[in-house]
Structure formats: C-alpha cells, structure tokens
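Survey of secondary and tertiary structure
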Amino acid sequence: MKKILITLFAVLSSVEALANQPKNWQLGFQESASETMRDIVSFHNNLLLPIIVAISVFVLFLMAYACVRFRASRNPNPSTRTHNVAIEVLWTLIPCLILIVIAVPSFKTLYSQDRIPKADVTIKAVGYQWYWGYEYPDENIIFDSYMLEDKDLKADQPRLLAVDNVVVVPVNKVVKVLITANDVLHAWALPSFGVKRDAVPGRINETWFKAERVGTFYGQCSELCGIKHAFMPIEVRVVSEEDYQEWLTDAKVKFAKEIIEEDKYKKLASK
C-alpha cells in the first residue's frame, strides 16, 4: 500500500519538484536545466499526453460499447455488413491529421537540437568499457572519469552516479560536446539538459547544451555496451564563470595533456 501511495504522489506531483538526478519511484522527467529540455517537456506534457489520453479513452469507449451493444444475447442474428466507406475514410484521415499535428512542433524541437550555436566551451567525450574519457581541446586538458565505489562515496554523493573526475562547465554558456567511442557503442545522455547522443567507434557525433542554472547534474550511458553498462555514470558540474576559470587554472596543471601522454610513453618504454 505504501508503494502505491508513493507512486500516486509521484504521478500527481509537479515535475519541477524533482531534482537533478533520478529519484525513487520517479515517473516524470527530471527538472529542466536548459531550453532544449524545457521544449521537450512542454511538447510531451502539452501535446503528446493529451492526444494519448484522448485516443486511449476513445478506444476504451468503443471497446466497451461494442461489447455491450453487439453481445450475443442482444444480437442472435449477427449483421452481415462488411464495410462502411465513410468510417474507413475517417479512420484513415484522422490518424494522418493527428500525426501532422504532432510532427510540426517535433520537427522544430529536433531542428533546435541539431543546429549548434557558436560554442563557448568545447568538450570531447570518449566512451570506453566501462568509463568515460574527457578532453577540453582548447584548454589542453584530458582526464578519465570512473564511477566511485560505494566505499568511496561521500554523504551527499548518489550511488552509481557519482564519479571521481567531474566535467565542469560555466553557466549560461554554449557547451559543444563531441562524442565518440573507443571500443563498442555507448551513448552520452544527460536528462536535465535534454541531451542524448550515440558514441560510435570511428565516428564523431555532435550535440550541445546551455545550462541555465548552477548545480550538479547526472546522466548515464544509455546504450547497452557490455557487462558493466550500468556503471558508466556521467557527472556534470555547472558553476559560475569565476569558479570555472578557477577550475581551469587547476585543471591545466592536474590534467595537462602533454604531461599525461609523456607519462604513458615513459611507462611503455620501461616495459
């Protein structure tokens, strides 16, 4: 009974009450943190949901009416009618019109997702089995991001979502993400930003987002990629411009690309 009440509360509660990560018994979207995600949620709640509910109620009514009106006890001699031209025209045209109504706003949303504005920050995300590698090409920064084990979690870090090295981006800036993979198919997804792109070996896909508020946002690999597919979380921290510049200063030392590659060459040479 408790689970049923929790589920009903999740359905009836506002999406805005949800945080930047999945919640127990959550049925709605995570709180939007970008214009793209707001468009997606609006499209779903204001157009798709009413159409789906209306169609479901109408079909349920027709089924109930047919069961009662044409039951065997009321119709001992069934009708021999085989078709009705008017009904056949209607059940062909009406679904077509519904699809057109859905298509117009959906194309607009898809176009806004694919049209990438001039980027303020560029990040390259590379999927591996089973972790993510990140690079800031314009800043000479490169690092790997692994999921934290349960024993390493802090009190405010969610299980299966927190990572050791987080992606840091500035608020209200266009972030372009170049996505690829090193081994098998992966997918880089951040629900709060309305972002999901496949990571394909030998190919670079592009996406973008513009975070509208500071905070920590979580995502996961969304393409089955092997035994540890469920352990490839994504953690993005959105900070102010001042904090981002401060992080860049430290990251250029800690994650300097040339130094990391030089250490790798030294290890290979010593073997």
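Structure first, text after, so check above.
Definitions and cut-offs
- Residues numbered from 1 in each chain as written.
- Predicted model: local features only at pLDDT ≥ 70, side-chain atom pairs only at ≥ 80, totals over all residues.
- Heavy atoms only, no water.
- Helix = DSSP H or I, 4+ residues; strand = E, 2+ residues; numbered from the N terminus.
- Buried < 20%, exposed > 50% of the residue type's maximum accessible area, 1.4 Å probe, protein only.
- Contact = heavy atoms within 4.5 Å.
- Areas by Shrake-Rupley, 256 points an atom, 1.4 Å probe, with all protein chains shown as cover.
- Disulfide = S-S within 2.5 Å.
- Pairing = 2+ DSSP bridges.
- Axes fitted to C-alpha atoms, helices over the stretch in contact; angles between N-to-C directions.
- Patch = residues over 30% accessible without salt bridge, like charges linked within 9 Å, V, L, I, M, F, W, Y side chains within 5 Å.
- Salt bridge = Lys/Arg side-chain N within 4 Å of Asp/Glu carboxyl O.
- Parallel < 35°, antiparallel > 145°, perpendicular 65-115°, else oblique.
- Left-handed = near helix turned anticlockwise from the far one by under 90°.
- Nonpolar A, V, L, I, M, F, W, Y, C, P; charged D, E, K, R; others polar.

Observations regarding the overall build of the protein
Along its length, the protein carries five helices and 10 strands. Looking at the protein as a whole, 33% of its 271 residues are labelled buried. Partitioning the intrachain contacts of the protein with sequence separation of at least 6 by distance along the chain shows that 64% fall at a separation of at least 24. When the accessible surface of the protein is totalled, it reaches about 17,400 Å², and 61% of it is carbon and sulfur.

Details of the side chain of S192
By secondary structure assignment, the location of S192 is in the loop between β6 (186-190) and β7 (195-199). S192 gets classed as buried once you look at its relative accessible area, which sits at 2%. Residues in contact with S192, not counting those within four places in the same chain, are N20, Q30, E31, S32, A33, S34, M37 and F217.

What about the state of the cysteines?
In a disulfide, the sulfur atoms of two cysteines are held together by a covalent bond. Counted by the stated rule, this structure contains zero disulfides. Free of any disulfide, C225 has its nearest neighbouring cysteine sulfur in C221, separated by 3.9 Å. Here C225 falls in the buried class, since its relative accessible area comes to 5%.

Observations regarding the sheet that holds strand β5 (residues 174-181)
Taken together, five strands build an open sheet; the order of strands is β3-β2-β1-β5-β8 and the sheet is mixed. Each edge of the sheet is formed by a strand with only one pairing partner; in this case those strands are β3 (141-145) and β8 (205-210). Within this sheet the neighbouring strands show an average axis-to-axis angle of 25°, counted without direction. Judged from the five bridges that link them, strand β2 (residues 131-136) and β3 form a sheet pairing that is antiparallel.

Some points on a nonpolar patch on the surface
A cluster of nonpolar side chains, I55, F58, V59, F61, L62, M63, Y65 and F70, forms an exposed patch at the surface whose accessible area comes to about 810 Å². Mapped onto the secondary structure, F58 falls in helix α2 (residues 35-69).

Notes on the sheet that holds strand β10 (residues 233-239)
What the five strands build is an open sheet, ordered β4-β10-β9-β6-β7; its pairing is mixed. A single partner strand is all that each edge strand has here, and the edge strands are β4 (167-170) and β7. Each strand axis lies, on average, 25° off the axis of its neighbour in the sheet, ignoring direction. Alignment of β6 against β7, held across five bridges, turns out to be antiparallel. Residue pairing for β7: L190 is matched across the bridge by V195.

Topic: the pattern of salt bridges
All chains considered together, the criterion is met by seven salt bridges. Its salt-bridge partner being D114, residue R197 comes within 2.8 Å of it at the nearest N-O pair. Placement of R197 in strand β7 and of D114 in helix α3 (residues 85-114) is noted, with a sequence separation of 83 residues between them. Residue class for D114 comes out exposed when judged on its relative accessible area of 53%. When the shortest N-O distance is used, the salt bridge between R159 and D150 registers 3.1 Å. Since its relative accessible area comes to 52%, R159 is described here as exposed. Accessibility expressed as a relative area gives 44% for D150, which makes it partly exposed.

Observations concerning the environment of E223
Tracing the backbone through its elements, the reader meets E223 in the loop between β9 (215-221) and β10. When residues no more than four places from it in sequence are discounted, the contact partners of E223 are L185, H186, A187, D198 and H229.

Points about the packing of α2 against α3
Orientation of α2 relative to α3, taken along the N-to-C sense of each, is 165°, at an axis distance of 10 Å. It follows that α2 is roughly antiparallel to α3 by the angle criterion. The hand of the α2/α3 crossing is left-handed. From α2, T36, D39, I40, F43, L47, L48, I51 and I55 reach across to α3, where they touch I98, V101, I102, P105, S106, T109 and Q113. When grouped by side-chain class, the residues that make up the contact of α2 with α3 number 10 nonpolar, four polar and one charged.

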